[in-house]
Amino acid sequence: MVELKFGPRTVDLPYTVRLPDVTEEMFDELVDEDTKAELIDGVMVVHSPASPRHNKIAGFIRRLMSCYAEQKGLGEVFGPDDLIHLATCRMFAPDAFFLDAKDVPHPLPAKEFEETPGLVAEVLSPSNRDDDLEDKRPAYREAGVREIWFIDSDEQQVIVDRRRGKKYSTITVADGRITSAVVKGFWLEAAWLWAEPLPGVMACLRELLGDIET
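Predicted model, so just to flag it, every value in this text is computed and none were measured.

Examining the environment of V120
Then, number 1: Considering the arrangement of structural elements, one finds V120 in strand β8 (residues 119–123).
Then, number 2: When the C-alpha atoms of V120 and S169 are compared, they prove to be 15 Å apart, with 49 residues separating the residues in sequence.

So this is what it looks like as C-alpha cells:
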C-alpha cells in the first residue's frame, strides 16, 4: 500500500501523485487492492479517489455493456480495479474494458490481464484528463485497442477512436447514439450519460435489446 504523508498540510482534491523510475517489479510491490494506481512508461501515477459522478457514469457504462455482452454471449467487461499489461512498464486500469469471449482467460489472472482489450472506456476527470488523453490514449493505440471511448461529462460529449487498418479515426458525439463497432449491436444514448439522475440500467438494456414490453 502506498502511504502519502504531508505533515500538517491539507491536500486539495483532486490530486495526482507521480513516482518516477518505477519498474514493474516495484509497482507490483507497491500496489495492492487499496491503492488505485497505474504505471505509465515507468511513472507510477496515483490518483485521488474519483468523484461520485465519475463513479456513477463509469459504473453505468460497465453494467450496461456487461449485461448486454452476457445476454448476447459476446464476451466480458472488466474494470476499474482490473489492470491490463499493455507493454513494458505500461499497466493501466481503465474505467471499463471489453474482452471478446475468445480472449477471456480461464482461469482469470491473479494480477493483471495480458490480453489487449477490444474496447476501452475512460471517464475524464480533472485529475486524470491529461494522463488519459496525452499519455494513455497513444499507448492504447500502440497496443492495438480497436475502440477507445473518452467520456467527457464536463463538455457532455464522448470522443471515440476507432482503428481502421493501421490508423485511427476519431468522432465526437454530443447527442444521439454512440454505437460500438467492437461490441456488436451495442449502443447507448449520449443523453443517458448526462442525465440527473442516470437512467436505470435494466430499462436501458430493454431498449437496447429491442424489448418494448414493461
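So, next bit.
Concerning the pairing of strand β7 (residues 96–100)
Then, number 1: Of all five residues that make up β7, five are buried, and the element is covered over most of its length.
Then, number 2: Side chains A96, F98 and D100 project from β7 onto one buried face, and the interleaved F97 and L99 project onto a second face that is buried too.
Then, number 3: Bridging between strand β4 (residues 75–78) and β7 involves four bridges; their strand directions are antiparallel. In the sheet register, E76 faces β7, and the bridge partner there is L99.
Then, number 4: Examined bridge by bridge, β7 and β8 share three bridges and lie antiparallel to one another. Within the sheet, the bridge partner assigned to A96 lies in β8 and is A121.

Concerning the packing of aromatic side chains
Then, number 1: For the structure shown, the criterion picks out eight aromatic pairs.
Then, number 2: Aromatic side chains F78 and F113 sit 4.7 Å apart centroid to centroid with 50 degrees between the ring planes, which places their arrangement in the tilted category. In this pair, F78 sits in strand β4 while F113 sits in the loop between β7 and β8, placing the two residues 35 residues apart along the sequence. Residues F78 and F113 agree in their burial class; the two are buried.
Then, number 3: A centroid spacing of 5.5 Å and a plane angle of 80 degrees characterise the contact between F97 and F113, whose relative ring orientation is edge-to-face. Pair noted here: F97 is in strand β7 and F113 is in the loop between β7 and β8, with a separation of 16 residues, a long-range link. Here F97 matches F113 in class, with each residue buried.
Then, number 4: Cluster of aromatic residues (ring-pair linked, three or more members): F60, W187 and W192.
Then, number 5: One cation-aromatic arrangement involves K136 over F92; the distance from NZ or CZ to the ring centre is 5.4 Å.
Then, number 6: When the ring centre of W187 is taken as reference, the NZ or CZ atom of R177 above it lies at 3.6 Å.

Cut-offs and rules
Residues numbered from 1 in each chain as written. Predicted model: local features only at pLDDT ≥ 70, side-chain atom pairs only at ≥ 80, totals over all residues. Heavy atoms only, no water. Helix = DSSP H or I, 4+ residues; strand = E, 2+ residues; numbered from the N terminus. Buried < 20%, exposed > 50% of the residue type's maximum accessible area, 1.4 Å probe, protein only. Pairing = 2+ DSSP bridges. Phe/Tyr/Trp six-rings, centres within 6.5 Å; stacked < 30°, edge-to-face > 60°. Lys NZ or Arg CZ within 6 Å of the ring centre and 35° of its normal.

Taken by themselves, the reported measurements are silent on function.
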